[in-house]
Amino acid sequence: MKNILKISYKTILLLGGVVLGMQACSDDDDSSNRQSVVEDIKLDLSQFQKEDSGVMMQAFYWDVEPRFAWYDEVSTKIEDWSASGINRIWLPAPGKGASGGFSMGYDPSDYFDVGEFDQHGTVETRFGSRVELENLIQKSHDNNIEVIADIVMGHNSGGGLQDNPFRPGDTEVFSLFNEENGNASGKFNRSYEHFHPNNIHANDEQALFFEKTDLCHDQQYVQDWLWGRDDSVAEFYKNTLGFDGWRFDYVKSFDPKWITAWNDKVGGFSVGENFDGNEQVLKDWVDASGSPAFDFACFYRLDETLDRAKDLTALGNAGNMLRKLDPSNAVTFTANHDTEKDENPDNRISYANKLLAYSYILTHDGYPTIFYLDYENESFKEPLKRLITIYNTIATGDIEVIEANEDEYIMKRSGDADNPGLILYMNISNQTKQYNVNSNWVDKTLVDYTDNSAATPTTDTNGNVIIQAPGRSFSVWSIAKE
Ligand code: ZN
Ligand code: ZN
């Protein structure tokens, strides 16, 4: 009861409005009046821009359309993404794949054919021509956006048939890559000895898919062509095409020391796809490779809490994500090209909970990734822009979980001397909820910078304040104008 007494009269009126379903009635006069009041007292958050601000865009989805024009399509988005606070885009694997104009890049045949040689039925890759790729990279750089390439170096596809003496009796080994067989560039020609098994060993301990054309990175020749030589794949992508960094595909299929070797040679931003929901597996890989990793543990905890258990308690548990163990090496996400086409709902975050998941990754530490189809979804775009702005400005300082229960998750970031920080309130119940929190702010009016709540509560002399979040929604609170 003591808490209730601290709510201002204004707040009580506003709470009443929310309970009556104000969020759903945008044509309601009172509602739009309140919304404009909120708009008038919001601070311009750009004054709090963090030094390390920026969010990554995964700039493709599975089977992107239109084919042969994807680079040009992405080019039309660059100014808008840059203005929204995107500082890096992740493009598909640029080389020619075995399935030619249908390839999404994960069946690499010729690493040096980025859309200029006639093979596998096409000159351009599914994404366009080499010139279109170079134009996109240039336009991104002109808009202060880095471009990272998807690097698929575990296996190859699309070579010619060859006898492999290390596979006696097996006449179905497509391990010959040369000018006539899937490698028109003539660079990094390959033969059976560059795949497993070979004269060095039978496998590299992680024989998974693509068993017959699983590249052997212990072969000096393979190392030289992938990253070692001055005209290696890595050097060509970095120095000739202009890529700034790397997203390493399926790193479970080879030793993490090869990631270290690649990055030591050419540098740049790096993130590994270690497809594993166990945070310690991810942490061990980060320690072994020296590279950040996608935080699959965070992704699965969000799916488990939001979609499956419908209970947010576990979000407050210690240590159950890479970002809780090693935030500076955690690249967080809520969807990617694999999860979005997965038919098992346990492997993707539902549409209904997607923005709640984004509210989590865009207020905590870790480096967040936005999925193309989410941002370009008209009903998500404006809410995502507001969250990206929040991430790039006031999502800073120590993290304190204030509450984590079945329906609610409330987290405070301390900010610093020049930055007010924030309070995130996630609510998965069907009703508006409110909670008495102890904030960092004394005698301040607060506003929700996500625009989901129109309340304007005031903190007392001890920093206490009652904040709220609408049902199945979230709010992010910070100080308003004086
Ligand atoms: Zn090997
Ligand atoms: Zn799910």
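Summarised in this report is the structure supplied together with it. (Residues numbered from 1 in each chain as written. Chains lettered and ligands numbered in written order. Predicted model: local features only at pLDDT ≥ 70, side-chain atom pairs only at ≥ 80, totals over all residues. Heavy atoms only, no water.)

### Considering the pattern of salt bridges
- Applying the stated rule across the entire model yields 36 salt bridges.
- Here E116 makes a salt bridge to R130, at a shortest N to O gap of 2.7 Å. Highlighted residues: E116 in the loop between β4 (108–110) and α6 (130–142) and R130 in helix α6, separated in sequence by 14 residues.
- Taking relative accessible area as the criterion, E116 reaches 35% and is therefore assigned partly exposed.
- Between D326 and K283 there is a salt bridge whose closest N-O contact spans 3.0 Å. Of the two residues, D326 is situated in the loop between α12 (322–325) and β11 (330–332) and K283 in helix α10 (residues 279–289); the sequence distance between them amounts to 43 residues.
- Among the residues examined, K283 registers a relative accessible area of 18% and is labelled buried.
- It is possible to trace a salt-bridge network through shared partners that takes in K77, D80, E376, K381, E382 and K385. (Salt bridge = Lys/Arg side-chain N within 4 Å of Asp/Glu carboxyl O. Helix = DSSP H or I, 4+ residues; strand = E, 2+ residues; numbered from the N terminus. Buried < 20%, exposed > 50% of the residue type's maximum accessible area, 1.4 Å probe, protein only.)

### Quick word on the nonpolar core
- In terms of nonpolar packing, the biggest core is built from 126 residues, with W81, I89, M153, Y237 and W262 touching the most fellow members.
- When residues in this core are grouped by element, the largest group, seven residues, is from helix α11 (residues 296–308).
- Setting aside anything within four residues of it in sequence, one finds W262 in contact with I151, M153, L226, W227, V233, A234, W246, F248 and G267. (Core = buried A, V, L, I, M, F, W, Y, C linked by side-chain atoms within 4.5 Å. Contact = heavy atoms within 4.5 Å.)

### Structural notes on the sheet that holds strand β13 (residues 399–404)
- Ordered by their spatial adjacency, five strands build an open sheet running β13-β14-β15-β19-β17, and the pairing between neighbours is antiparallel. Whereas interior strands pair on both sides, the edge strands pair on one side only; in this sheet they are β13 and β17 (446–448). Strand-to-strand, the axes of this sheet are offset by a mean angle of 20 degrees, without reference to chain direction.
- Of the strand pairs in this sheet, strand β14 (residues 408–413) and strand β15 (residues 422–427) are connected by six bridges, and their pairing is antiparallel. Within β15, the residue paired with M411 across the bridge is L424.
- Those strands touched by helix α13 (residues 354–361) are β14, β15 and β19 (473–479), and its axis lies near 155 degrees from that of β15. (Pairing = 2+ DSSP bridges. Axes fitted to C-alpha atoms, helices over the stretch in contact; angles between N-to-C directions.)

### Here's the deal with the packing of α11 against α13
- One way to put it is that α11 packs onto α13 with a least axis distance of 11 Å and a crossing angle of 135 degrees. When the axes of α11 and α13 are compared, the pair comes out oblique. Here α11 and α13 pass one another in a crossing that is right-handed. Contacts from C298, L302 and L306 of α11 reach α13 at L356, A357, Y360 and I361. (Parallel < 35°, antiparallel > 145°, perpendicular 65-115°, else oblique. Left-handed = near helix turned anticlockwise from the far one by under 90°.)

### Examining the coordination of the zinc ion (ligand 2)
- For the zinc ion (ligand 2), the protein coordination sphere consists of D303 (OD), D307 (OD), P345 (O) and R348 (O), at 2.0 to 2.2 Å.
- Here the zinc ion (ligand 2) binds four donor atoms, and the angle range of 81 to 155 degrees at the metal identifies the geometry as irregular.
- Along the chain, the residues that donate to the zinc ion (ligand 2) are spaced as D-x3-D-x37-P-x2-R. (Donors = N, O, S within 2.8 Å, 3.2 Å for Na, K, Ca; no water. Tetrahedral: all angles 85-135°; square planar, octahedral: opposite > 155°, others 65-115°.)

### Structural notes on the packing of α6 against helix α8 (residues 233–241)
- Taken N-terminus to C-terminus, the directions of α6 and α8 make an angle of 65 degrees; their axes are 11 Å apart at the nearest point. Residues R130, L133, E134 and I137 of α6 pack against F236, T240 and L241 of α8.
- In the contact of α6 with α8, the residues fall into four nonpolar, one polar and two charged. (Nonpolar A, V, L, I, M, F, W, Y, C, P; charged D, E, K, R; others polar.)

### Thoughts on helix α7 (residues 220–228)
- Buried within α7 are the following residues: V222, Q223, W225, L226 and W227.
- As for α7, its buried residues are in contact with α8 and α9 (257–266).

All we've got here are geometric facts, nothing functional implied.
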